[in-house]
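One letter stands for each residue in the lines below.
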Amino acid sequence: MHTFFKNRLRNTAITATAVACICIPLLNSASAAPERKLSPKLESSADISSLALLIEAEDTRTLNKRVLDLLKSPKMELRKKAYTAVGRIGDKSVSKVLIDALASEKDPGLRQVIVFALGEIEDRSALPSLFAIMASTRENTEIKGRAAEAIGKIVSSKPAPSANERSKSIVLLTATLANFDPSKSVGEKEQFLISKSLTALLRIKDPNSLDAIAKQLKSPSPEIRWQAANVLGRMKDGIAPYSNALAALLTDSNPLVRAYAAKALGIAKDKTKANSLTSLLSDKDDKVKAAAISAIGTAGIESAASQLLELGQSLLLEFRKADPKSAMVPEQQSLLLLIASSLGSIKDPKSLPFLHNLRTSLRPFSLCPEVEIAIAQFGDDAFFSKDSYLPYKHDEKWQSVAATAQGLAELKTKRAEGELLEMLKAHPDYRAEAEILNSLAAVKATNLVPILLEQLQAKDVILRASAASLIADHASTEGTKVSLDEVRTALWKAYLLARQDQMNDARIALLEAATKLKIPFNKQVLKGQFRDPDYIVRKKALELQRELEPHDASLANIHISPVITNHDKNYWRRMAQLSRSTENLTAILITAKGKIVVELFLHNSPMNVDNFTSLARRGFYDGLTFMRVVPNFVIQGGDPRNDMNGGPGYQIRCEINEHAYKTGSVGMALSGKDTGGSQFFITHSPQPHLDGGYTLFGQVRSGMDVVNKIARGDKINHIEIVVTK
C-alpha cells in the first residue's frame, strides 16, 4: 500500500506529528531563481527527433543502441540530455559508460550531469570514481557537491554497500566538512558543497558523522546553520550531546535557524532547555512557534503545559469566530492541532477541558486525529466523556469517523475494540473503513484474520490494500483458525481481482504480504500468463524475490521493461518540442484565501508539467482540497479521494532534475519512483533532503502568504494555466 513518506510524498495517513500549517515570510534570498532558459542549440528536425527518442526511452524505461549513441553526440546539449535520460532510466548496465565519460568529458557542466546521473542509478560500481572526485584537490567544487549527493544516494540504497564502502563514504564526507573553518565565511560554490555533504550524511545516518555535522552549527552562514540543525534533528539518535549548541541557536536572527534548532532540541529530549523553548511560543514567526510547540511535546516538557494552554485558548477563541459554512478552514487549525498533540504527549490533566472544547469546536468542520489521539492518551473515561464524545453515526463525515478510529486505536482497550467493531458493522464510507481496519489491528482485536480476509474482496482498492498489509502481520497469530494455505489462496484470489484495478496499490500490498508470510507468488506475476501489465508491480515483485532469494541466478534473466505508457511517437515528439519551447507557463491556483502563482519548469520536466496543465485545463483540480499540511514542510493537494490515496487513474514517470527544493518549490507527490499522477506539494521552506528524489516542476513566484495560510481541508477552486512569450 502506498504511504507518503514511508519516505514518500503521496499517501501517508495523517498523524499527530504531521499536520499543522505554518506561516513564513514571502520568498526570500533562499528562493529558487527563474528556470534557466537553455540556449536554442537544438532546433533542427533531427535534433527534436533525438530529444523525442530520449523522452521515449525515459517514458518506457528502455535503453537501446540509438539512445546510447546519443551519449557520444558531437552536440554538447544532446549529450547532456542523454546523460540525464539514462540516469532517470536507472539501468545499471550503463554505469560503466558514464564512469568512462567522466574521464573523457572536460566541460564542468556536463561532468556535473554525469555525476548526478550516477547518483540516480544508485550503482555501487560508481563509488570509486565518486570517491576520487571527493578526494581530489583540483576538482571543480560544484562537481564535488554533486559527487557528495550521489554518494549519499548510493550508500543509502539497497542492496547495502560493504562496510568498507560505507566507512570510506563517511570519512570523505566528514573530511569535506572539516576542510571549511566554521568561523569563516564561504562562497556560494563552497556553500553548495557543504550543503550536499550534509544532506548525504543525513541519508547515510551514521553516528560517526555527528561531530562533523554539529561543528557547522557555528557557521557564519545562516543557510549552513539551519541545514546542520535540520540534519541533526532528522538523524535523531545520539544528538543529545549537542543540546547546548542547538540551544544557542534559539536566539538566532534567522527564523529557519531558530525553527530547526528548536525541532532538533525537542528530539534531543533535553528538558533543561524548557525555558528557552517556551520563550519561542511568542516568536513573531509562526514557523518558529510551530517548531517550539512540537519540540515541547516531543521532549515531554511538563512545565510548559500552562504556556501551551494559554496559547491554545487564544487561538481557539479566534477559531470559533469562523463560520463552519465558510469556504475557508480557519488558519488557526494548524497550530491548534500541534498544541493538541503536544498536550497529549505531556498528559497534564489541566489540559483536558481545552482538548474537549477543541474537539467540540472542530466537529462542524470535521474531527481531527491529532485531537482524538491526544484525548485518548488520558484513557477511556476522558475519551468517552459526555462533554464532547458523540457515538458513531452512519451519516457522520468520513474524516470524523476515521479520526475517531485513530483515537480508539490509541486507547487499545476492550471498549475501544467494541466501538470499532460496531463502526465496521455499520458499513461506513470506504475511506473510513480502511482506517477502522488499521485501528482494529492496533487494539489486537480477536478474530481479526477472518475480517481481513473478507475485506480482500471489497470493492475499494485501498481497503483491499489495507487488509493485505495487515494480514502480513496478523495471519500467523497464535489461536487463529485460519491456515496459511487458506491465506495464500485468499491472497492469490485477491490479486486476480486486483488485476482489474486502475490503481496498483492492492497488487503491491498483496505481493508484499505474501512475501512476508513466505508464501510468495512474485515469479508468477513476472512471467507467463499472469505477468502483471504494470511495470511498477513487476519491479516490486522482482525486488521482493531478490530479497527472498538473493542467490537465485535465474532472477538476472527476468526483464521487467518496457513500460506500457499508452503514449505514442506523436506524444514524445510533442514533449521534445515543449522542452525546447520559448514560451513561459504559469499556473494560478485560486483558493478562497487568495491566489498562488507558480512558474512551471517546462524545460526540465515536460511530461510532468504537461500532465499537470492538462489536468488543470479540464477542471480536474476544481473543488479538490489540500488534504495534507505539515509544519514547516509542505501543503499537499490534488487527490480526488481526499484521503491521500487517490490519483487520475494512471501513473507518470519521474523527471528528477537538478533543481533544489527551496521555499515555495512545487513537486510531484510519490509513493515510490515513477508513481506520480495528480497529487502535488508546495514547500513551506527549503527541503534539501527532497533534492534529486522527487520531480520538482514549478516554483511559487507570488502568493507564499496564501500558501502559509492554507489549512487541511482548504479547497482549490480552480487552476488557471497562462501561456506567455
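Let us look at the structure shown here. (Residues numbered from 1 in each chain as written. Predicted model: local features only at pLDDT ≥ 70, side-chain atom pairs only at ≥ 80, totals over all residues. Heavy atoms only, no water.)

1. Points about the overall build of the protein chain
What counts here: Runs of E in the DSSP output that reach at least two residues are strands. Runs of H or I that reach at least four are helices, and both are numbered from the N terminus. Between buried and exposed lies partly exposed: a residue is buried under 20% and exposed over 50% of the maximum accessible area for its type, with that area taken using a 1.4 Å probe on protein chains only. Within this scheme the basic residues Lys and Arg register as positive and the acidic residues Asp and Glu register as negative, but His and the chain ends are omitted. By convention, the charge on Lys lies at NZ, on Arg at CZ, on Asp at CG and on Glu at CD.
In terms of helices and strands, the protein chain carries 32 helices and eight strands. Seen through its C-alpha atoms, the protein chain measures out along the principal axes to roughly 75 × 65 × 55 Å. Burial statistics for the protein chain: of 725 residues in total, 60% are counted as buried. Averaged over its 95 positive side-chain charges, the protein chain has a centre that lies 3 Å from the centre of its 80 negative ones.

2. Describing empty space enclosed by the protein
The method is simple in principle: a probe with the dimensions of a water molecule rolls over the atoms, and the space it marks as empty is what remains. Stated formally: Throughout, the protein atoms alone are placed on a 1 Å grid, and a set of points is a cavity if a 1.4 Å probe fits but cannot get out or a pocket if it is open with protein on both sides within 12 Å along at least five of seven lines; lining residues have an atom within 4 Å of a point. Grid points are joined across faces, edges and corners, and a volume is the space filled by probe spheres set on the points.
Per the counting criterion, the structure on display carries four cavities of 30 Å³ or more. The space that makes up the largest cavity amounts to roughly 50 Å³. Lining the largest cavity are Phe 180, Asp 181, Pro 182, Lys 184, Ser 185, Val 186, Ile 194, Gln 216, Ser 219, Pro 220, Ser 221 and Ile 224.

3. Regarding the packing of helix α27 (residues 505-516) against helix α29 (residues 535-548)
Rules: To define axes, lines are fitted to C-alpha atoms, for helices over the stretch in contact only, and angles between the resulting N-to-C directions are given on a 0 to 180 degree scale. Roughly parallel covers angles under 35 degrees, roughly antiparallel covers those over 145, roughly perpendicular covers 65 to 115, and oblique covers all other angles. In this description, contact between two residues means that some pair of their heavy atoms is separated by no more than 4.5 Å. Polarity classes work like this: nonpolar for Ala, Val, Leu, Ile, Met, Phe, Trp, Tyr, Cys and Pro, charged for Asp, Glu, Lys and Arg, and polar for all others, with Gly in that last group.
Closest axis-to-axis distance for the α27/α29 pair is 10 Å, and the angle between their directions is 10 degrees. Judged on the interaxial angle alone, α29 and α27 are roughly parallel. Two secondary-structure elements touch here, α27 through Arg 507, Ile 508, Leu 511, Glu 512 and Thr 515 and α29 through Ile 536, Val 537, Lys 540, Ala 541, Leu 544 and Leu 548. For the contact of α27 with α29, the per-class residue count stands at seven nonpolar, one polar and three charged.

4. What to know about the pattern of salt bridges
We count it as follows: What makes a salt bridge here is a side-chain nitrogen of Lys or Arg within 4 Å of a carboxyl oxygen of Asp or Glu, nothing more.
Tallying each qualifying case throughout the model produces 45 salt bridges. The partner of Glu 658 in a salt bridge is Arg 146, and the shortest N-O contact between them spans 3.6 Å. Here Glu 658, found in the loop between β4 (634-637) and β5 (665-668), pairs with Arg 146, found in helix α7 (residues 141-155); they are 512 residues apart in sequence, far enough to count as distant. Since its relative accessible area comes to 28%, Glu 658 is described here as partly exposed. Residue Arg 146 is classed as buried on the basis of its relative accessible area of 5%.

5. Notes on the sheet that holds β5
Test applied: Pairing between strands is defined by DSSP: at least two bridges between them are needed.
Reading across from one edge, β3-β4-β6-β5-β7-β2-β1-β8 is the order of the eight strands in this open sheet, with antiparallel pairing throughout. The open sheet has two edge strands with one neighbour each: β3 (626-629) and β8 (718-724). Sheet twist, expressed as the average angle between the axes of neighbouring strands with direction ignored, equals 25 degrees. Here three bridges tie β3 to β4, and the two strands are oriented antiparallel to one another. By the bridge assignment for β4, Phe 626 is matched with Gly 637.

6. Some details on unusual backbone geometry
Along the chain, Lys 158 connects to Pro 159 via a cis peptide bond; the corresponding omega equals -5 degrees. Tracing the chain through its elements places Pro 159 in the loop between α7 and α8 (163-178). The omega angle of the peptide bond from Ser 561 to Pro 562 is 0 degrees, so this bond is cis rather than trans. Turning to its location among the elements, Pro 562 is positioned in the loop between α29 and α30 (569-579). Backbone geometry places Glu 122, a non-glycine residue, at a positive phi of 60 degrees. Residue placement: Glu 122 occurs in the loop between α5 (108-121) and α6 (127-135). Given the relative accessible area of 31%, Glu 122 is considered partly exposed. At Lys 269, a residue that is not glycine, the phi angle is positive and equals roughly 55 degrees. By the secondary structure assignment, Lys 269 is in the loop between α13 (255-268) and α14 (274-279).

7. Here we look at the environment of Leu 250
Here Leu 250 lies in the loop between α12 (243-247) and α13. Sequence spacing of Leu 250 and Leu 265 is 15 residues, and the spatial spacing of their C-alpha atoms is 9.5 Å. With residues near it in sequence (within four places) discarded, Leu 250 still touches Arg 258, Ala 261, Ala 262, Leu 265, Ser 276, Leu 277 and Leu 280.

8. Observations concerning the packing of aromatic side chains
This is how the line gets drawn: Note on ring pairs: Phe, Tyr and Trp rings are taken, using the six-membered ring of Trp, and paired if centres are within 6.5 Å. Classes follow the plane angle, with under 30 degrees stacked, over 60 edge-to-face and the rest tilted. Charge over a ring is defined by NZ of Lys or CZ of Arg lying within 6 Å of the ring centre and within 35 degrees of the ring normal.
Enumeration according to the criterion identifies 17 aromatic pairs in this entry. Consider the rings of Tyr 495 and Phe 521, whose centres lie 5.8 Å apart with planes at 45 degrees: the pair is tilted. Taken together, the positions of Tyr 495 in helix α26 (residues 484-498) and Phe 521 in the loop between α27 and α28 (522-526) put the pair 26 residues apart, joining distant regions of the chain. Exposure class is identical for Tyr 495 and Phe 521. Each is buried. A ring pair is formed by Phe 612 and Phe 697, whose centres lie 5.3 Å apart and whose planes are at 55 degrees; its orientation type is tilted. Highlighted residues: Phe 612 in helix α31 (residues 606-617) and Phe 697 in strand β7 (residues 696-702), separated in sequence by 85 residues. The buried category is assigned to Phe 697, whose relative accessible area is 0%. Feature note: the residues Phe 612, Phe 620, Tyr 621, Phe 626, Phe 680 and Phe 697 constitute an aromatic cluster, connected by ring pairs. Between Arg 359 and the ring centre of Phe 383, over which it is positioned, the NZ or CZ distance is 4.8 Å.

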